[in-house]
Amino acid sequence: MADEEATTHEFDPRTFFAASDVDANGVLDRNEITALLLRLLNELDRRGDAADAVLTASEIEQTVEHLMQQLDEDGDGHITFSEFVDGISRWGLSTSRPVRED
Ligand SMILES: [Ca+2]
Ligand SMILES: [Ca+2]
């Protein structure tokens, strides 16, 4: 039982958002969300948290669609930083979750 936070991978929404904003226009569009998702899956895969996180192209498309719906509160097709932060705090992504073991 490691109850001390030994996580070196601290989630910083600002860094994450900025890194995802490829064209640096201050908002994330669908393409950038897609890239973000792929990066996230890749990251999870590397950490071994998501052995079955390999998605088909159409699953990725659906997931992006879902993410856009979840994150884009005003429906303008762009995710602002505050929409992004709202979204991830709703999902509890900023808190560490227990890893399920089978
Ligand atoms: Ca952008
Ligand atoms: Ca928006």
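The residue count restarts for each chain, going from 1 along the sequence in the order it is written. Whichever chain is written first becomes A and whichever ligand is written first becomes 1, with later ones labelled in order. It should be noted that, the model being predicted, local features are given only for residues of pLDDT at least 70 and side-chain atom pairs only at 80 or more, the latter also being counted only at that level, while totals for whole chains, interfaces and linings use all residues.

With an unreviewed UniProt entry as reference, the chain is termed EF-hand domain-containing protein, source organism Saccharopolyspora thermophila.

Q: Could you give me a rundown of the overall build of the chain, with the residues and numbers involved?
A: Secondary structure is summarised from DSSP: a helix means a run of H or I of at least four residues, a strand means a run of E of at least two, and numbering begins at the N terminus for each. A count of helical and extended segments in the chain gives four helices and zero strands. Helices (α) and strands (β) of the chain occur, in sequence order from the N terminus, as α-α-α-α. In the chain, buried positions account for 8% of the 102 residues. In the chain, the share of contacts with a sequence separation of at least 24, taken over all contacts with a separation of at least 6, comes to 50%. Exposure criterion: with C-beta atoms placed from backbone coordinates, a residue whose C-beta has 20 or more other C-beta atoms within 10 Å is buried, one with 12 or fewer is exposed, and one in between is partly exposed. Residue pairs are scored as contacts if the distance between their C-beta atoms, which are placed from the backbone, is within 7 Å.

Q: With reference to specific residues and values, describe the nonpolar core.
A: Core analysis: the largest hydrophobic core is formed by seven residues, namely F17, L28, I33, L36, L71, I79 and F84. Filtering out sequence-adjacent residues up to four positions away, I33 remains in contact with L28, V64, L67, M68 and I79. For this entry, the nonpolar core is defined as buried Ala, Val, Leu, Ile, Met, Phe, Trp, Tyr and Cys residues connected by C-beta atoms within 7 Å.

Q: Before we move on, can you summarise the packing of helix α2 (residues 30-47) against helix α3 (residues 57-71) with the specific residues and values?
A: The convention used is that axes are lines fitted to C-alpha atoms, helices contributing only their stretch in contact, and that angles between N-to-C directions extend from 0 to 180 degrees. Relative orientation of the contacting elements α2 and α3 amounts to 115°, with a least axis distance of 10 Å. Of the two possible hands of crossing, α2 and α3 adopt the one that is right-handed. Side by side, α2 and α3 meet where R30, I33, T34 and L37 of the first sit next to I60, T63, V64, L67 and M68 of the second. Here the residues of the contact of α2 with α3 are counted per class, giving six nonpolar, two polar and one charged. Handedness of each helix crossing follows the sense of rotation of the near helix against the far helix: counterclockwise by less than a right angle gives left-handed, clockwise gives right-handed. Classification used: nonpolar for Ala, Val, Leu, Ile, Met, Phe, Trp, Tyr, Cys and Pro, charged for Asp, Glu, Lys and Arg, polar for all others including Gly.

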